[in-house]
Amino acid sequence: KQAKAVDVLLEAVRSGRSVAEVYESVIAPALVEVGRMWHLREATVADEHYVTTATQAAMSVLRAKLPAGNSNGKWALAASVGGDLHDVGIRMVSDLLESDGWQVDCLGANMPTIDILDHIRDDVADTGDGTASRVKFDLICLSASTGLVVRSIADAIAAIRRECGTDCPAILVGGGPFRAIPDLWKVVGADGCALSASDAVRAAARVCG
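Treat the numbers as computed from the prediction; the structure is a model and nothing was measured. (Residues numbered from 1 in each chain as written. Predicted model: local features only at pLDDT ≥ 70, side-chain atom pairs only at ≥ 80, totals over all residues. Heavy atoms only, no water.)

> Quick question: what am I supposed to make of the packing of aromatic side chains here?
Any two aromatic rings considered together are summarised by their centre-to-centre distance and by the angle between their planes. Applying the stated criterion to the full structure yields one aromatic pair. Each ring, one from W75 and one from F137, has its centre 6.2 Å from the other, and the planes form 85°; the classification is edge-to-face. Of this pair, W75 sits in strand β1 (residues 75-80) while F137 sits in the loop between β4 (132-135) and β5 (139-143), and the two are 62 residues apart along the sequence. The class of F137 is buried, set by a relative accessible area of 3%. (Phe/Tyr/Trp six-rings, centres within 6.5 Å; stacked < 30°, edge-to-face > 60°. Helix = DSSP H or I, 4+ residues; strand = E, 2+ residues; numbered from the N terminus. Buried < 20%, exposed > 50% of the residue type's maximum accessible area, 1.4 Å probe, protein only.)

Have a look at this one:
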């Protein structure tokens, strides 16, 4: 079944649809439907995990079909915040940013704030004399798939801003809660919001000038 699903998605790309379109018009709605079925107990946890595994396998194939953009010299960190076990959305964002010329460190799902901060601290540019000059990331993308982790995203943003001070990268958020509540990104302290993976590419350009 998984192989058949991959074949269907690849045929969509061969017929002229972009990988971004397949991500957003086929894969994303399918995952939303599986989530709805799980909440209604029409699907089991095993069903949800099976679909997620199949989706990840399909994305690994589709990723190779993305055009390779010229480097824009910018670096992004992407993660789903602590408590959020879903990372398909943030991986879609990472794929499309890389295709647009970004270098991306995608940390995946359920990433505790302390580990995000450690990664930022570990990746500080060195002036050559042993002193830290600046955080090398230009952008941090954080995802929340449900309202249950909105507080985690707000706490993570506050901690990142404290850690980085005046050298803080632009912070972009996305996920279901931010599509449902238009100004929620402002409430959690982000610099911008993306409504989809392809919108994240446009939003990244906006918030990073």
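> Looking at this model, I keep getting lost on the packing of helix α2 (residues 19-39) against helix α3 (residues 45-63). Mind explaining?
Helix-helix packing is described using two parameters, namely the angle between the two axes and the distance between the axes. Contact pair α2 / α3: the axes reach a minimum separation of 10 Å and the direction vectors enclose 175°. Between α2 and α3, the crossing angle belongs to the class labelled roughly antiparallel. Seen from α2, the contacting residues are V19, V22, Y23, I27, L31, V34 and W38; seen from α3, they are V45, E48, V51, T55, M59, L62 and R63. Split into classes, the residues belonging to the contact of α2 with α3 amount to eleven nonpolar, one polar and two charged. (Axes fitted to C-alpha atoms, helices over the stretch in contact; angles between N-to-C directions. Parallel < 35°, antiparallel > 145°, perpendicular 65-115°, else oblique. Contact = heavy atoms within 4.5 Å. Nonpolar A, V, L, I, M, F, W, Y, C, P; charged D, E, K, R; others polar.)

> Teacher, can you tell me more about α2 here?
An α-helix turns once every 3.6 residues. As a result, residues three or four positions apart point the same way. Helix length check: α2 (21 residues) gives 29 Å between terminal C-alpha atoms against 30 Å at 1.5 Å per residue, within 8%. Among all positions of α2, only V19, A20, V22, Y23, I27 and V34 are buried. As for α2, its buried residues are in contact with α1 (2-14), α3 and α4 (88-99). Trailing α2 by a residue or two, R41 shows a phi angle of about 60°, which is positive. (Expected span 1.5 Å × (residues − 1).)

> How should I be thinking about the environment of V187 in this particular structure?
Following the sequence through the fold, V187 ends up in helix α8 (residues 184-187). A sequence separation of 67 residues divides V187 from I120, and the C-alpha atoms of the two residues are 23 Å apart.

> Before we go on, may I ask you to explain helix α9 (residues 197-207) in this structure?
Turning to α9, its buried residues are A197, S198, D199, A200, V201, A203 and A204. In this structure, the buried residues of α9 make contact with α2, α4, β5, β6 (170-174) and β7 (192-194). Looking one or two residues past α9, G209 carries a phi angle of roughly 75°, positive in sign.

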